[in-house]
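Residue-level listing of the chains:
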Amino acid sequence: MLQFVDVSKRYAHGAPLALSQVSLDVAEGEFVVVLGRSGAGKSTLIRCANGLVSPSSGEVRWNGRSVTAARHRELLDLRSEMGMIFQQFHLIDRLDVQTNVMVGRFHDLPLWRVLIGSFPAEVREQARQALARVGIDHLAEQRADGLSGGQQQRVAIARVLMQRPKLLLGDEPVASLDPVTADVILKLLKEIHQQERMTTLLNLHDVRLAKQVATRIVGIRSGRVVFDGPPDQVDDARIREIYGAAE
Ligand SMILES: Nc1ncnc2c1ncn2[C@@H]1O[C@H](COP(=O)(O)OP(=O)(O)OP(=O)(O)O)[C@@H](O)[C@H]1O
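Procedures and definitions
Residues numbered from 1 in each chain as written. Predicted model: local features only at pLDDT ≥ 70, side-chain atom pairs only at ≥ 80, totals over all residues. Helix = DSSP H or I, 4+ residues; strand = E, 2+ residues; numbered from the N terminus. Buried ≥ 20, exposed ≤ 12 C-beta atoms within 10 Å, placed from the backbone. Contact = placed C-beta atoms within 7 Å. Near = placed C-beta within 6 Å. Nonpolar A, V, L, I, M, F, W, Y, C, P; charged D, E, K, R; others polar. Pairing = 2+ DSSP bridges. Axes fitted to C-alpha atoms, helices over the stretch in contact; angles between N-to-C directions.

**Focus: the overall build of the chain**
Check the secondary structure of the chain and you find 9 helices and 10 strands. Over its C-alpha atoms, taken along the principal directions, the chain stretches across nearly 50 × 40 × 30 Å. By the burial criterion, 38% of the 247 residues in the chain qualify as buried. When contacts within the chain are restricted to residue pairs at least 6 apart in sequence, those whose partners lie at least 24 apart make up 67%.

**Some details on the site of the ligand**
In the neighbourhood of the ligand, the contacting residues comprise Tyr11, Ala12, Ala18, Gly36, Ser38, Gly39, Ala40, Gly41, Lys42, Ser43 and Thr44. When the residues that make up the shell around the ligand are grouped by side-chain class, the tally is 4 nonpolar, 6 polar and 1 charged.

**Quick word on the environment of Arg79**
Examined against the element boundaries, Arg79 turns out to sit in helix H2 (residues 72-79). For Arg79, a count of 21 C-beta atoms within 10 Å gives the class buried. Separated by 33 residues in the primary sequence, Arg79 and Trp112 have C-alpha atoms spaced 20 Å apart. Setting aside residues no more than four positions away along its own chain, Arg79 makes contact with Asn50 and Gly51.

**Digging into the sheet that holds strand E4 (residues 57-62)**
Spatial ordering of the open sheet is given by E2-E1-E4-E5, a layout of 4 strands whose pairing is antiparallel. Strands with a single pairing partner mark the edges of an open sheet, and in this sheet they are strand E2 (19-26) and strand E5 (65-66). Where strand E1 (residues 2-9) lies against E2, 5 bridges are found, and the strand directions are antiparallel. Looking at E2, one finds that Gln3 is bridged to Asp25. Against the sheet, helix H1 (residues 42-49) contacts E1, E2 and E4, and its axis sits at roughly 125° relative to E1.

This is the structure:
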């Protein structure tokens, strides 16, 4: 279980709180989508989950272990159970697709292997399978920077699958994609979630897509949780509550 216990975050002295006393439990197997307007604190919340952002107060726990207090090896160990995908995919442009995917095994391979791209046959095979799983095994030899956005996000998802994470985090994973591709990628994430029972926490801008995939929706406004419930409760009134009146 992922727990946010009274988590607040202020990035700089005098800045407003990006998160304000957020307490939230995400149980195993949930697919939680975080909604909120720009600047509401969604990315901050997602990034606190794996320690990319440190809370100013409060604590994040993963299966009872403190992410917030973890340092060095302990933090790496916790993160090895958490995969993350990003809006900008974060691939290594000049490397081919298969190598990008194999980098997903960085946590349990010697660093020299990752640095010189010398991966065991078993890892190569696993990467091929991950690529097949996301439907792009035919692109294995291509350079990452030659791919479309949707293909790049598939590579990033395949890389995450190499990690066999228990928790999948997504920071606006479809925000750079056209609506049709965004739909396809989210359906893929949902499929993987269902097959692997991979606990999933991601933020989205699109309420319609959120309602399609989430088992639970969390609405954040000005750093506070203002809604937490099933997707079918997200009606127009709730949307106004989460997003506020247009400026
Ligand atoms: N690295 C940072 N340094 C300083 N302030 C930051 C930083 N990251 C976020 N903030 C501020 O914290 C607040 C919450 O930002 P956050 O990115 O978490 O919101 P968001 O809901 O994800 O927004 P968006 O949908 O636009 O990505 C905003 O006021 C933002 O300007």
